[in-house]
Structures are given as structure tokens and as C-alpha cells.
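Architecture at a glance
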Amino acid sequence: MSYGDAMTIRTRSEERRAEIVRAALEVIAERGYRGASLAAVAERVGLTQQGLLHHFPTKEALLVAVLKERDQWDAVPGSRWRLDLLGSLVEYNAMRPGIVQTFSALLGESVTEGHPAREFFTRRYGSVRASMAAVLRAEYGERLPSGLSPERAAPLLVAVMDGLQYQWLLDPESVDMPGAFRDFLTLLGEQPGPDED
């Protein structure tokens, strides 16, 4: 087999894997992880279940690929987030409800014991909190106007982002996710009044 033939086979395999991951995203968004089957994903891409297993040997391996792919879409070069970029990310998420729904479904399911995504989300949230603390420190220094340290405020920032996603998914007509996030950023920068501590 020539080098060109090997590269063509490898490219086709990578394209097929990407197609499977996209199909898995759709199926998980529709049915949740526990309700999604490898057979349903395989059918969506025109493969047998055995054909799918050639690319992803287990459902858990496919889940990890889905989660990694989703995080790649939100990656910022050099991992240097800023508050204005977070606002742009929230606006971007409002344009892709299927991805947000998949992420939210997997996150919700992952809190149960033994869920294959639990370790992924635990590590991810540790990293996200550290990243958000760095964003807040770059914006405000060692203390936010409220007096909180970036480390204490970071979990709140993450909670607002994820909580808005759930509310928006449940009632998109009533919840302006980007607008609500902008309102939260305004709150971060406000000085507390004399009666507020």
C-alpha cells in the first residue's frame, strides 16, 4: 500500500469518526445518554453496530469523543478567556440549541453514581473554575467590586452560565440567555450599596 493510499484511508476513517460523533450528539440530545444506543447511532450514519464498533469500541468511548468534540467547539486559542468573550460564547450557544441540549443532558445524567461522564465533568469543572478565576482576576485583580476573591466568584460565574442554559432550553421564549448573562456581568462590576454587605 502506498503512502497516498494509507493517507486516503486514514482521512476517510477520520471523516467517518466525525460523522459518527455528530450523529451521537443528535441521538444523545434526543434521548439522553442512557436512552441512546449504539444501534441508533449506527443506523443514523448507515452503519451496522459492528461497523460502528470498529471506530468506537464501546459506548463510553463514543461518549468521551462526543464530549471532547463539544469542548473543541468552545475552545479559545491559547485558552485565554475574557469576560467579553464569555458573553460571545453565551450568544453563540443561543444559536446552537442541539449542542447545548446534549451537553445539558449529559451533565444532568453525569451526577449519578457510575455514570461514564462523571469523571470527565468533574475534571472539566475543576479546570473551568480555575479558568474563570483567571478571567475574573485579569478583569478585577485580587478582589471583585463586591469584595469576593476571583476563586470565590468563579463557581458563581459557572453556575450562572450553566443555569441560564437549562432555563433557556426549558423556555426559550421567556429566557433571553445572552441578555441575562449581560445583566449578570453588570452585577459583577457594580459596587454594593451602603446597606448591602
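Predicted model, so just to flag it, every value in this text is computed and none were measured.

1. Some thoughts on the confidence of the model for the chain
Across the chain, the average pLDDT comes to 84, with 87% of residues at or above 70. Throughout residues 191-197 the model reports pLDDT below 50, and contacts reaching past four residues in sequence, or to other chains, amount to 3 contacts.

2. Topic: helix 6 (residues 97-110)
Each α-helix turn comprises 3.6 residues. Residues three or four places apart therefore point the same way. Helix length check: helix 6 (14 residues) gives 20 Å between terminal C-alpha atoms against 20 Å at 1.5 Å per residue, within 8%. When helix 6 is considered as a whole, its buried residues turn out to be Ile-99, Val-100, Thr-102, Phe-103, Ser-104, Leu-106, Leu-107, Glu-109 and Ser-110.

3. Observations regarding empty space enclosed by the protein
If you walk through the whole model with that rule in mind, you get 1 cavity of 30 Å³ or more. Approximately 60 Å³ is the volume attributed to the largest cavity. Residue lining of the largest cavity: Ala-24, Ile-28, Tyr-33, Ala-36, Ser-37, Leu-38, Val-41, Lys-59, Leu-62 and Leu-63, and that is the complete set. Elements with a contribution of two residues or more to the lining of the largest cavity: helix 1 (3-35), helix 2 (38-44) and helix 4 (59-73). Here the residues of the lining of the largest cavity are counted per class, giving 8 nonpolar, 1 polar and 1 charged.

4. Considerations on helix 7 (residues 118-140)
Over its 23 residues, helix 7 runs 32 Å from end to end, which matches the ideal 33 Å to within 8%, given 1.5 Å per residue. Looking at helix 7, one finds that the buried residues are Phe-120, Phe-121, Arg-124, Tyr-125, Val-128, Met-132, Ala-133, Val-135 and Leu-136. In the stretch just after helix 7, Gly-141 is the one whose phi turns positive, near 85 degrees.

5. Description of the packing of helix 6 against helix 8 (residues 150-170)
With their axes 10 Å apart at the nearest point, helix 6 and helix 8 run at an angle of 115 degrees to one another. As judged from the angle between their axes, helix 6 and helix 8 are roughly perpendicular. At the point where helix 6 passes helix 8, the crossing takes the left-handed sense. Between helix 6 and helix 8, the residues in contact are Pro-97, Val-100, Gln-101, Phe-103, Ser-104, Leu-107 and Gly-108 and Asp-162, Gln-165, Tyr-166, Trp-168 and Leu-169, respectively. Each residue belonging to the contact of helix 6 with helix 8 can be placed in one class, and the counts come to 7 nonpolar, 4 polar and 1 charged.

6. Focus on the side chain of Asp-162
Tracing the sequence through the fold places Asp-162 in helix 8. For the buried Asp-162, no salt bridge exists, and the shortest N-O distance to an oppositely charged side chain is 5.5 Å, to Arg-124. Setting aside residues no more than four positions away along its own chain, Asp-162 makes contact with Phe-103, Leu-107 and Tyr-125.

7. Comments concerning the nonpolar core
By size, the foremost hydrophobic cluster in this structure holds 54 residues, and its most contacted members are Val-41, Leu-62, Leu-86, Leu-106, Phe-121, Met-132 and Phe-181. For this core, the secondary structure elements donating two or more residues are helix 1, helix 2, helix 4, helix 5 (83-93), helix 6, helix 7, helix 8 and helix 9 (177-189). When sequence neighbours within four positions are dropped, the list of residues in contact with Val-41 reads Ile-20, Ala-23, Ala-24, Val-27, Leu-52 and Leu-62.

8. Section: the pattern of salt bridges
Counting across every chain of the model gives 9 salt bridges. Between Glu-19 and Arg-16 there is a salt bridge; the shortest N-O distance is 3.1 Å. Pair noted here: Glu-19 and Arg-16 are both in helix 1, with a separation of 3 residues, about one helical turn. Here Glu-30 ties to Arg-44 by a salt bridge, and the two come within 2.9 Å at their closest N and O atoms. One end of the pair, Glu-30, is in helix 1; the other, Arg-44, is in helix 2, with 14 residues separating them in the sequence. Salt bridges sharing partners connect three or more residues here, namely Glu-26, Glu-30 and Arg-44.

9. Comments concerning the side chain of Ser-104
On the secondary structure map, Ser-104 appears in helix 6. Given the relative accessible area of 4%, Ser-104 is considered buried. For Ser-104, the contacting residues outside a window of four places in its chain are Gln-165, Tyr-166 and Leu-169.

Calculation criteria
- Starting afresh in each chain, residues are numbered from 1 along the sequence in its written order.
- Given that the model is predicted, a residue must reach a pLDDT of at least 70 before its local features are reported, and side-chain atom pairs must reach 80 or more before they are shown or counted; all residues, however, enter totals for whole chains, interfaces and linings.
- For side-chain calculations, the full set of non-hydrogen atoms in the structure is used, while hydrogens and water are omitted.
- Within a predicted model, pLDDT stands for the predictor's per-residue confidence, ranging from 0 to 100.
- Residue contacts are counted whenever heavy atoms from the two residues lie within 4.5 Å of one another.
- A run of H or I in DSSP counts as a helix once it spans at least four residues, and a run of E counts as a strand once it spans at least two, with each numbered from the N terminus.
- For a helix, the expected span equals 1.5 Å multiplied by the residue count minus one.
- For every residue, the accessible area obtained with a 1.4 Å probe (protein chains only) is divided by the maximum for its type, and the residue is called buried under 20%, exposed over 50%, and partly exposed between those limits.
- For each structure, a 1 Å grid was placed over the protein atoms alone; sets of points admitting a 1.4 Å probe that cannot get out are labelled cavities, open sets with protein on both sides within 12 Å along at least five of seven lines are labelled pockets, and lining residues have an atom within 4 Å of a point.
- Grid points are joined across faces, edges and corners, and a volume is the space filled by probe spheres set on the points.
- In this count, Pro and Cys sit with the nonpolar residues alongside Ala, Val, Leu, Ile, Met, Phe, Trp and Tyr, while Asp, Glu, Lys and Arg are called charged and the others, Gly among them, polar.
- To obtain each axis, a line is fitted to C-alpha atoms, and for helices this fit is confined to the stretch in contact; angles are then taken between N-to-C directions over 0 to 180 degrees.
- Note that the term roughly parallel is reserved for angles under 35 degrees, roughly antiparallel for angles over 145, roughly perpendicular for angles of 65 to 115, and oblique for everything else.
- Crossing chirality is assigned from the near helix's rotation relative to the far helix, an anticlockwise turn below a right angle marking it left-handed and a clockwise turn marking it right-handed.
- Positive charge is attributed to Lys and Arg, negative charge to Asp and Glu, and no charge count is given to His or to the chain ends.
- Only one rule defines a salt bridge in this text: a Lys or Arg side-chain nitrogen within 4 Å of an Asp or Glu carboxyl oxygen.
- Buried Ala, Val, Leu, Ile, Met, Phe, Trp, Tyr and Cys residues form a nonpolar core when they are joined through side-chain atoms within 4.5 Å.

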